[in-house]
Amino acid sequence: MSNPSPSAFTPTGTIAAPADRRRVVFATVVGTTVEWYDFFIYATAVGLVFGQLFFGSLGADSAILAFATVGVSFLFRPLGAFLAGHFGDKFGRKVVLMWTLILMGIATALIGVLPTFESIGVAAPILLVLLRILQGLSAGGEWGGAVLMAVEHAPRNRRGAFGASPQIGVPLGLLLASGVMALMTVIAPGDAFLQWGWRVPFLLSVVLILIGWYVRRRVEESPVFAELAERKEKARMPIVQLFRKHALLVLIAALVFAGNNAVGYMTTGGYIQGYATNPDGPLGLERGPVLWAVAGSAVTWLISTLVAGFVSDRIGRRTTYVIGWLLQLVGVFTLFPLVNTGSIGLLFLGLAILTIGLGFTYGPQAALYTELFPASIRFSGVSISYAIGAILGGAFAPTIATALVRATGTTMSVTWYLAGMTVIGLIATLLLRDRSGIRLGLEAEEEQAVSPIRGLAKV
């Protein structure tokens, strides 16, 4: 009888059962899809109705203030990441994932029943911001846990493919959010959408959270954390250790994500939806067709994200990223020329081209981040790098884009802003070594201690 291939083993040296792998992949896809549906349904509503319903009395500045609430949640992502990283490195990945799912669902459902400015005055936007903060706390802790559950269960030669499973939760969440909103514009057209139609997608979160909870509770804990717990080698103060030894790595990893996130938030942050449908803007397109175009681009994003995960297992994370940055630059420079034609078909084409590069700079991220940090502080390193990158990248990208167009009168200023962020991501990627396939368990601490930053020998 032949010996199992090395690829059949988990990072701790145990044979990985195919059924367990499939369960982990399914759970991470479902869980992250639910989380990001909740997060993106807010951003979609900002671009369509929140400026009018919660900030309408503020006149011309209502759109900028509404988009700013998208960014506010990002400011609290690091706190969520700090908490999730601390508890995830001490008590496990699974328990953190369960609680982030609940927190996100409660906040989203409450937004669905929130009175508007017309009903309760200034209390409406204040409550809206508070609930958005809860979403930010949840999102800050969700991603790192989902990523580690997927990648730490994966065979060494398939981490990119497994890591792409939580990554596709983002385009799936966008697809679901845009699709449900588009459906509601048909069910509740015109004033009915403003009165109650927009609330239904938020209330649907309750059902999705129950599904996510059921799926996630059936998944086993990460084998790397199980080994840490068994050997009693969990870090006592993982966040302190992270910043004492890996502060520069956290910053570089954050800049990698910032280059992707700033561009991605043109749709996930609701900017394109708001820009294209604004009745006082240059296009004034109908809500429904724009939402369907965004939903369609989520499909191309999903496909390219999956493909990039598989490709990174063949050619390495770093090379895949470099290809992605170049594709993303092409997408950035073609986006607004196509959107500004006023054609729904060309709007979709512009978004589809953009999402190819987005997928190639997002699909390998789970594996890349997991392979950067030592086992004992990995949850903290992955989560906090991601959260800081989200602040530097997508947090205020829609707000910045809105302000740039208002100041310059042209979307070309937004194009150069997005191109600059893409180049920053490329430079940060080139500063990192490719650590594809590095051992993730405790037995490889010496290997993990070699700095992932080019030019540095030790952390």
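Refer to the structure printed above.
1. Considering the overall build of the chain
Okay, so step 1: Scanning the chain from N- to C-terminus turns up 22 helices and zero strands.
Okay, so step 2: Within the chain, the proportion of its 459 residues that are buried is 60%.
Okay, so step 3: Look at the contacts in the chain between residues 6 or more apart in sequence, and 81% of them connect residues 24 or more apart.
Okay, so step 4: As displayed, the chain has an accessible area near 16800 Å², and 69% of this comes from carbon and sulfur atoms.

2. Here we look at the packing of helix α7 (residues 159-167) against helix α8 (residues 169-187)
Okay, so step 1: Where α7 meets α8, the closest approach of the two axes is 5 Å, and the angle between their N-to-C directions is 30°. On the basis of the axis angle, α7 is roughly parallel to α8. Here α7 contributes Ser165, Pro166 and Gln167 to the contact with α8, which in turn contributes Gly169, Val170 and Pro171.

3. Here we look at the packing of aromatic side chains
For any pair of aromatic rings, geometry is given as the distance between the ring centres together with the angle between the planes.
Okay, so step 1: Applying the stated rule across the entire model yields 16 aromatic pairs.
Okay, so step 2: With a centroid separation of 6.4 Å and an interplanar angle of 70°, the aromatic rings of Phe40 and Tyr265 are classed as edge-to-face. Remark: Tyr265 occurs in the loop between α13 (238-264) and α14 (271-277) and Phe40 occurs in helix α1 (residues 18-55); sequence separation between them is 225 residues. Taken individually, Phe40 and Tyr265 each receive the classification buried, so the pair is uniform in this respect.
Okay, so step 3: Each ring, one from Phe257 and one from Tyr386, has its centre 4.4 Å from the other, and the planes form 20°; the classification is stacked. Linking Phe257 in helix α13 with Tyr386 in helix α19 (residues 378-392), this pair joins segments that are 129 residues apart in sequence.

4. So, the side chain of Gln328
Okay, so step 1: Among the secondary structure elements, Gln328 is positioned in helix α16 (residues 317-339).
Okay, so step 2: Classification of Gln328 as buried rests on a relative accessible area of 0%.
Okay, so step 3: At 3.0 Å, the side chain of Gln328 and the side chain of Thr361 are in polar contact.
Okay, so step 4: Setting aside residues up to four positions removed in sequence, Gln328 forms contacts with Gly259, Asn260, Val263, Leu354, Gly357, Leu358, Thr361 and Thr422.

5. Observations concerning a nonpolar patch on the surface
Okay, so step 1: Residues Ile120, Val122, Ile126, Leu127 and Leu130 make up a contiguous nonpolar surface patch of roughly 420 Å² in combined accessible area.
Okay, so step 2: When residues of the nonpolar patch are assigned to their parent elements, the largest contribution, three residues, is made by helix α6 (residues 123-152).
Okay, so step 3: Among the structural elements, Ile120 can be located in helix α5 (residues 117-120).
Okay, so step 4: A relative accessible area of 34% means that Ile120 is categorised as partly exposed.

6. Digging into the side chain of Ser178
Okay, so step 1: With respect to the helices and strands, Ser178 occurs in helix α8.
Okay, so step 2: The exposure class assigned to Ser178 is buried, which follows from its relative accessible area of 0%.

7. Description of helix α18 (residues 365-372)
Okay, so step 1: Where burial is concerned, most of α18 is hidden: eight out of the eight residues are buried.
Okay, so step 2: Against the buried residues of α18 lie α6, α7, α13, α16 and α19.

8. A closer look at helix α21 (residues 412-430)
Okay, so step 1: Relative to the 27 Å expected for 19 residues at 1.5 Å per residue, α21 spans 27 Å between its end C-alpha atoms, a close match to the ideal helical length.
Okay, so step 2: For α21, the full list of buried residues reads Ser413, Val414, Thr415, Tyr417, Leu418, Ala419, Met421, Thr422, Gly425, Leu426, Ala428 and Thr429.
Okay, so step 3: Each element contacted by the buried residues of α21 is listed here: α13, α16, α19 and α20 (397-408).

9. Some words on the pattern of salt bridges
Okay, so step 1: Taken as a whole and assessed by the stated rule, the structure comprises five salt bridges.
Okay, so step 2: The partner of Glu152 in a salt bridge is Arg378, with the nearest N and O atoms 3.0 Å apart. Linking Glu152 in helix α6 with Arg378 in helix α19, this pair joins segments that are 226 residues apart in sequence.
Okay, so step 3: Given a relative accessible area of 0%, Glu152 falls into the buried group.
Okay, so step 4: For Arg378, a relative accessible area of 0% translates into the label buried.
Okay, so step 5: As a salt-bridge pair, Asp313 and Arg317 come within 3.0 Å of each other at their nearest N and O atoms.
Okay, so step 6: Judged by its relative accessible area of 23%, Asp313 is partly exposed.
Okay, so step 7: In the salt-bridge network here, residues are joined through shared partners; they are Arg159, Asp313, Arg317 and Glu371.

10. As for the environment of Trp416
Okay, so step 1: Mapped onto the elements, Trp416 comes out in helix α21.
Okay, so step 2: Trp416 sits in the exposed class, given a relative accessible area of 53%.
Okay, so step 3: The spacing of Trp416 and Val332 is 84 residues in sequence and 8.4 Å in space, taken between C-alpha atoms.

About the criteria used
- Counting of residues starts from 1 at the beginning of each chain's written sequence and follows it residue by residue.
- Restriction of local features to residues with pLDDT of at least 70 applies here, the model being predicted, together with a cutoff of 80 or more for giving and counting side-chain atom pairs; totals for whole chains, interfaces and linings are based on all residues.
- Processing note: side-chain calculations cover all non-hydrogen atoms of the structure and skip hydrogens and water entirely.
- Every helix listed is a DSSP run of H or I at least four residues long, and every strand listed is a run of E at least two residues long, numbered separately from the N terminus.
- Each residue's exposure class comes from its accessible area (1.4 Å probe, protein chains only) as a fraction of the maximum for that residue type: buried when under 20%, exposed when over 50%, partly exposed otherwise.
- For this analysis, residues touch if any pair of their heavy atoms sits within 4.5 Å.
- Accessibility throughout is a Shrake-Rupley quantity obtained with a 1.4 Å probe, and a residue counts as covered only by protein chains that appear here.
- Only C-alpha atoms enter the line fits that serve as axes; for helices the fit covers just the stretch in contact. Angles between N-to-C directions range over 0 to 180 degrees.
- The scheme is simple: roughly parallel for angles under 35 degrees, roughly antiparallel for over 145, roughly perpendicular for 65 to 115, oblique for anything else.
- Only centres within 6.5 Å qualify two rings of Phe, Tyr or Trp (six-membered ring in Trp) as a pair; their planes then separate them into stacked at under 30 degrees, edge-to-face at over 60, and tilted for everything else.
- Any pair of nitrogen or oxygen atoms within 3.5 Å is treated as a polar contact; in protein, a donor-acceptor pairing is required on top of that, and neighbouring residues in sequence qualify only through side-chain atoms on both sides.
- Note on patches: the residues involved have over 30% relative accessible area and no salt bridge, like charges join within 9 Å, and the nonpolar side chains Val, Leu, Ile, Met, Phe, Trp and Tyr join within 5 Å.
- In the sections that follow, a salt bridge refers to a side-chain nitrogen of Lys or Arg positioned within 4 Å of a carboxyl oxygen of Asp or Glu.
- The span expected for a helix works out to 1.5 Å for each residue beyond the first.

Functional significance is not addressed by these values, which are geometric in nature.
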